[in-house]
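Chain residues, written in single-letter form:
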Amino acid sequence: MIAAAALAIAGFAGTASAATEDNGVCELGEFCLYQHDDYKGGVHDFIGSDPNHYNDYWYGTTASVQKGASSLKNRVRSCSVRLWSGASGTGRFSGFDPLTWTPDLSPWNIGDNSNVSHTYVYCS
Ligand SMILES: [Ca+2]
Ligand SMILES: [Ca+2]
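Residues numbered from 1 in each chain as written. Chains lettered and ligands numbered in written order. Predicted model: local features only at pLDDT ≥ 70, side-chain atom pairs only at ≥ 80, totals over all residues. Heavy atoms only, no water.

Trainee: For the overall build of the chain, give the residues involved together with the corresponding values.
Mentor: Regarding its fold elements, the chain presents one helix and seven strands. When the helices and strands of the chain are placed in sequence order, the string is α-β-β-β-β-β-β-β. A buried classification covers 37% of the 124 residues belonging to the chain. The contacts of the chain with a sequence gap of at least 6 include a subset with a gap of at least 24, amounting to 59%. With an accessible surface of roughly 6700 Å², the chain has 57% of that area assigned to carbon and sulfur atoms. (Helix = DSSP H or I, 4+ residues; strand = E, 2+ residues; numbered from the N terminus. Buried < 20%, exposed > 50% of the residue type's maximum accessible area, 1.4 Å probe, protein only. Contact = heavy atoms within 4.5 Å. Areas by Shrake-Rupley, 256 points an atom, 1.4 Å probe, with all protein chains shown as cover.)

In structure tokens form, the structure reads like this:
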């Protein structure tokens, strides 16, 4: 009985490991900002929209991610993500499709080092 339960738990963990927000690892199901181009420097991994990046930090540091992102990954299967230059989805933005990686934000409307909030949109 105990062995069967342990097997069941192990089987679940092996097939359905959930993403953990703010653990410094950009997992499937998360939206991740990076401090430098090409996913280098600090990382912050989000689950869900966030109206203010000032209280989010590059993993393992006390440095705010606000106006500090230069690349990103949208690993959310079911939603696009808009990155905004103002709080709570205001200002200018760029939209990033599900499961797309963006190694350099400078050519985009939002630009480098301009992120203040993000919103999930067009969720299926
Ligand atoms: Ca994570
Ligand atoms: Ca926040």
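Trainee: How would you summarise the state of the cysteines if you had to cite specific residues and measurements?
Mentor: All told, the structure shown has two disulfides when counted by the stated rule. The disulfide that involves Cys26 links it to Cys32, with 2.0 Å between the sulfurs. In this structure, the disulfide formed by Cys26 and Cys32 twists by about 95 degrees around the S-S bond and is classed as right-handed. The pair Cys26 / Cys32 is uniform in exposure class, with both members buried. Between Cys79 and Cys123 runs a disulfide, and the two sulfur atoms are separated by 2.0 Å. Negative torsions about the S-S bond denote left-handed disulfides, and the value of about 115 degrees found for Cys79 with Cys123 makes this one right-handed. One end of the pair, Cys79, is in the loop between β3 (71-74) and β4 (80-86); the other, Cys123, is in the segment after β7 (117-121), with 44 residues separating them in the sequence. Exposure remark for Cys79: the relative accessible area of 5% places this residue in the buried category. (Disulfide = S-S within 2.5 Å.)

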